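Chain by chain, the residues:
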Amino acid sequence: MSVVLSSGLATPGAAAEFFAAQLQFRTDPADLAADLLAKAPEIVVLDTRSVEIYQAGHIPGAISFPHRTMTAASTAQLDRSKVYVCYCDGIGCNGSTWGAYKMAKLGFQVKELIGGIHWWQQDGYAVATGAEPGVLLDEGIRCEC
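Counting restarts for each chain: residues are numbered from 1 in the order of the written sequence. The predicted nature of this model means local features are confined to residues of pLDDT at least 70 and side-chain atom pairs, given and counted, to a pLDDT of 80 or more, with totals for whole chains, interfaces and linings taken over all residues. Calculated side-chain values reflect all of the structure's heavy atoms, with hydrogen atoms and water omitted.

Draft legend 1. Structural view of the sheet that holds strand E3 (residues 63–64). Spatially, five strands are ordered E1-E5-E4-E2-E3 in an open sheet, and the strand pairing comes out parallel. Of all the strands in the sheet, just strand E1 (26–27) and E3 have a single pairing partner and so form its edges. Criterion used throughout: strands pair if DSSP finds at least two bridges between them. Strands are runs of DSSP state E lasting at least two residues, helices are runs of H or I lasting at least four, and both sets are numbered from the N terminus onward. In the sheet, strand E4 (residues 83–87) pairs with strand E5 (residues 109–113) via four bridges, with the strands oriented parallel. What sits directly across from Val83, in E5, is Gln109. When checking whether two residues touch, look at their non-hydrogen atoms; a contact exists if any pair is within 4.5 Å. Only the stretch in contact is used when a helix axis is fitted, and all axes are lines through C-alpha atoms; the angle between N-to-C directions ranges over 0 to 180 degrees. Contacting E1 and E5, helix H1 (residues 12–25) crosses the sheet at an angle of about 100 degrees to E5.

Draft legend 2. Focus on the nonpolar core. In these notes, a set of buried Ala, Val, Leu, Ile, Met, Phe, Trp, Tyr and Cys residues joined through side-chain atoms within 4.5 Å is what counts as a nonpolar core. Three exposure classes are used, based on accessible area relative to the maximum for each residue type with a 1.4 Å probe and protein chains only: buried under 20%, partly exposed in between, and exposed over 50%. Membership of the largest hydrophobic core comes to 19 residues, with the highest contact counts inside it found for Leu32, Leu36, Val45, Ile59, Tyr87 and Trp120. Contributions of two or more residues to this core are made by helix H2 (29–37), strand E2 (43–47), E4 and helix H5 (116–122). The dominant element in this core, judged by the number of residues it contributes, is H2, at three residues. Excluding anything up to four places from it in sequence, Val45 contacts Leu32, Leu36, Gly61, Ala62, Ile63, Val85 and Tyr87. One finds Val44, Tyr84, Ala100 and Met103 within the second-largest nonpolar core, a separate group that totals nine residues.

Draft legend 3. Main features of H2. Within H2, the full set of buried residues consists of Pro29, Leu32, Ala33 and Leu36. Take H2 and look down its axis: the buried residues cluster within an arc of 100 degrees, on one side only. As for H2, its buried residues are in contact with E1, E2, E4, E5, H5 and strand E6 (135–137). Just beyond H2, the residue with positive phi is Lys39, at close to 55 degrees. In this description, the arc belongs to the directions extending from the helix axis to the C-beta atoms.

Draft legend 4. Local environment of a nonpolar patch on the surface. Residues enter patches when their relative accessible area tops 30% and they take part in no salt bridge; the joining distance is 9 Å for like charges and 5 Å for the nonpolar side chains Val, Leu, Ile, Met, Phe, Trp and Tyr. All accessible areas in this document rest on Shrake-Rupley with a 1.4 Å probe, and a residue is counted as covered only by the protein chains that are shown. Put simply, a salt bridge is a Lys or Arg side-chain nitrogen that is within 4 Å of an Asp or Glu carboxyl oxygen. Judged by side-chain polarity, Val4, Leu5 and Leu9 come together as a nonpolar surface patch covering roughly 350 Å² of accessible area. You can see Leu5 is positioned in the segment before H1.

Next comes the structure, spelled out in structure tokens:
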């Protein structure tokens with residue numbers, strides 16, 4: 001018997017529900033880059049890593065907001081009509097999960113960027129450096145930083 005099938009197989013309907021739920025919680029670098037290039041007003045990108053790591057290289061347009069500093073008080077001025085996309089280093093880091101969890105618990109709409117900045121760079125997108133967010137340009141290859 002197939003090892004892949006040994007754990008069972010979901011019905012197409014159950015699989016569709018599961019994958020639809022996955023898409024509600026996560027996004028990927030290509031979709032985020034498309035929104036940043038289109039200047040989608042409802043999307044705000046949050047870098048949940050430390051300020052020092054943010055300054056060394058971040059997604060253009062991202063705001064530095066370390067997950068360890070997220071509280072009701074520190075988020076009080078954020079626009080609750082926006083969707084916050086949280087990211088960290090990548091698959092070996094849970095900063096984006098912590099950030100998305102804390103933001104959701106505080107009543108914000110959130111998504112998590114799968115693969116973090118690692119997959120962002122692996123897909124060929126530019127990074128900004130320094131304290132300023134920067135702007136993504138030219139199909140994501142350059143940034144204004």
